[in-house]
Amino acid sequence: MLNQELKELAIQLNLNNLRDNLDDYLLNAEQSNVSYCEFLKNVFKMEIEEREAKKYKMRLKKASLPYHKDFSDFDFNFQKSISKKKINILCEMQWIDRLFKLILLGPPGIGKTRIMVSLGVEALKKGYDVFFVSMTDLIDILKYRKDSYKYNLLYKRVLNAQVLLLDEIGYLPISKEEANLFFQLISKLDEKVAMVITSNKTFSEWTEFLGDPALATAVLDRLSFRCEIFNLTGNSYRLEKREHLFNE
Ligand code: ADP
Ligand code: MG
C-alpha cells in the first residue's frame, strides 16, 4: 500500500527510475541494512545515471554515426602516423571548445572515417551534440532543404551541432552551384562549430574538386584558421586485414 503511494509520488516527481525499481531498492536496502542517508543517495544516483544514459542515447541517435565505436579497440600499431598520445589529448575535447577543425587526409582504407567516428563517440560521451554527414549527403541537404521537410530537419542538425563530422570531401566531383552552396555553409559555420573533415585529396587538389580557384581559396582560408591537419599514411586496413575463406 505504502509502496503504491510512493510509486505515485515518484511518478508525480518524474522519478522514472525510482518508479520502476522501487520494490527492488527497498528490498535491497532492508537486506543490506544501509543508512537512510546512503539509501537516498543511491536512489538519486541511479535516477541521474538513467537520465544521463537516456540523453546519451538521444544524442547518439541524432548524431547519425555510421557505426558506434570508440578508441578502445583501435589498433595504434597499424596506424602509426597519429600517436595514441595525440588521440588522448584530442579526447580531452579542448579542440571542441576552441572551435578547431581537424582535417584527416590520406588514401582510402587507412582509418580516417574510423578516427572521425571514434572522436564523435568520445565527444558524445562528454555531452556534446555531434552530427555525422558525408559530403554527398551534405550537398543533397543543402540543395533540397527548402523543398523537403526531411532535408530541412537534417539541415538544422548541421547548423545546431557542436561538432560536425564531414566525411569524404573530394570523392565525387561537385558542380559550381553545389560548390557555392558548400562555401555558403562553411562561411555560416565559421567560428561557430568544431569540425572533423576527412578527404582523400590534398589541399592543392581541392581547387580542382571545387571547380573554382577563388572559391577554393575562400573555403580553405576559412577552414585553415584554427585547424590541425593530420596527413595519414600507410596501407589500407581493409586490404591488410582482409579475411579469407581458404587458407591455401
Ligand atoms: P578510410 O576512411 O580512411 O577510407 P576507414 O576508417 O573506413 O578508412 O577504415 C577502413 C576499415 O578499417 C574500417 O572498418 C575501420 O574500422 C578499420 N580500421 C582502419 N584503421 C583501423 C585501426 N587502426 N584499428 C582498427 N580498425 C581500423
Ligand atoms: Mg572513409
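As a reminder, the structure under discussion sits directly above these lines.
Right, let's walk through the structure included here. Remember, predicted model here, so these are calculated numbers, not experimental data.

Quick notes on the pattern of salt bridges
A side chain of one charge can pair with a side chain of the opposite charge when the charged atoms of the two come close. Across all of its chains, the model carries twelve salt bridges by this definition. Linking D23 and K7 is a salt bridge whose minimum nitrogen-to-oxygen distance equals 3.3 Å. A residue pair is termed long-range when its members are at least 10 positions apart, and D23 in helix α2 (residues 16-32) and K7 in helix α1 (residues 2-12) qualify at 16 residues. Across the salt bridge formed by R19 and D20, the nearest N and O atoms sit 2.8 Å from each other. Counted as one network, the salt bridges with shared partners bring together D70, E122 and K125.

Here we look at the environment of W206
Mapped onto the secondary structure, W206 falls in helix α10 (residues 203-210). Separated by ten residues in the primary sequence, W206 and A216 place their C-alpha atoms 6.6 Å from one another. Apart from the residues within four sequence positions on either side, W206 is in contact with I169, I197, S199, K201, A216, L220 and L223.

Let's talk about the nonpolar core
Judged by nonpolar contacts, the single largest core of 36 residues is most densely connected at M135, L138, F182 and L210. Element by element, the count of residues in this core is highest for helix α9 (residues 176-189), at six residues. F74, Y128, L165 and A194 belong to the second largest nonpolar core, which has 33 residues in total.

Quick notes on the environment of R98
Here R98 is to be found in the loop between α5 (94-97) and β1 (101-105). As a C-alpha pair, R98 and L9 span 89 residues in sequence and 44 Å in three-dimensional space.

So, the pairing of β1
Burial analysis of β1 places five of its five residues in the buried class, the great majority of the element. Here β1 shows two buried faces, one formed by K101, I103 and L105 and the other by L102 and L104. Relative to strand β4 (residues 194-199), β1 runs parallel, the two sharing five bridges. For K101, the partnering residue across the bridge sits in β4 and is M195.

Structural notes on the site of ligand 1
Inspection of the region around ligand 1 gives 13 residues, with D75, G109, K112, T113 and R114 positioned closest. In this structure, an oxygen atom belonging to ligand 1 sits 2.7 Å away from a main-chain N or O atom of G109. Taken by itself ligand 1 offers 560 Å² of open surface, and the protein chains cover 87% of this. At the level of secondary structure, the elements contributing two or more residues to the shell around ligand 1 comprise α6 (112-125) and α12 (237-240). Of the residues forming the shell around ligand 1, the biggest block, three residues, is contributed by α6.

Brief notes about the packing of aromatic side chains
Aromatic ring pairs: the centre-centre distance and the angle between the two ring planes describe each pair. Applying the stated rule across the entire model yields six aromatic pairs. Their ring planes at 70° and their centres at 4.9 Å tell us that F74 and F76 sit as a pair that is edge-to-face. For F74, a relative accessible area of 11% puts it in the buried group. Pairwise contacts between aromatic rings join F71, F74 and F76 into one cluster. Note that K150 overlies the ring of Y151, its terminal NZ or CZ placed 5.1 Å from the centroid.

Cut-offs applied
Residues numbered from 1 in each chain as written. Chains lettered and ligands numbered in written order. Predicted model: local features only at pLDDT ≥ 70, side-chain atom pairs only at ≥ 80, totals over all residues. Heavy atoms only, no water. Salt bridge = Lys/Arg side-chain N within 4 Å of Asp/Glu carboxyl O. Helix = DSSP H or I, 4+ residues; strand = E, 2+ residues; numbered from the N terminus. Contact = heavy atoms within 4.5 Å. Core = buried A, V, L, I, M, F, W, Y, C linked by side-chain atoms within 4.5 Å. Buried < 20%, exposed > 50% of the residue type's maximum accessible area, 1.4 Å probe, protein only. Pairing = 2+ DSSP bridges. Near = heavy atom within 4 Å. Polar contact = N/O pair within 3.5 Å; in protein donor to acceptor, adjacent residues only side chain to side chain. Areas by Shrake-Rupley, 256 points an atom, 1.4 Å probe, with all protein chains shown as cover. Phe/Tyr/Trp six-rings, centres within 6.5 Å; stacked < 30°, edge-to-face > 60°. Lys NZ or Arg CZ within 6 Å of the ring centre and 35° of its normal.

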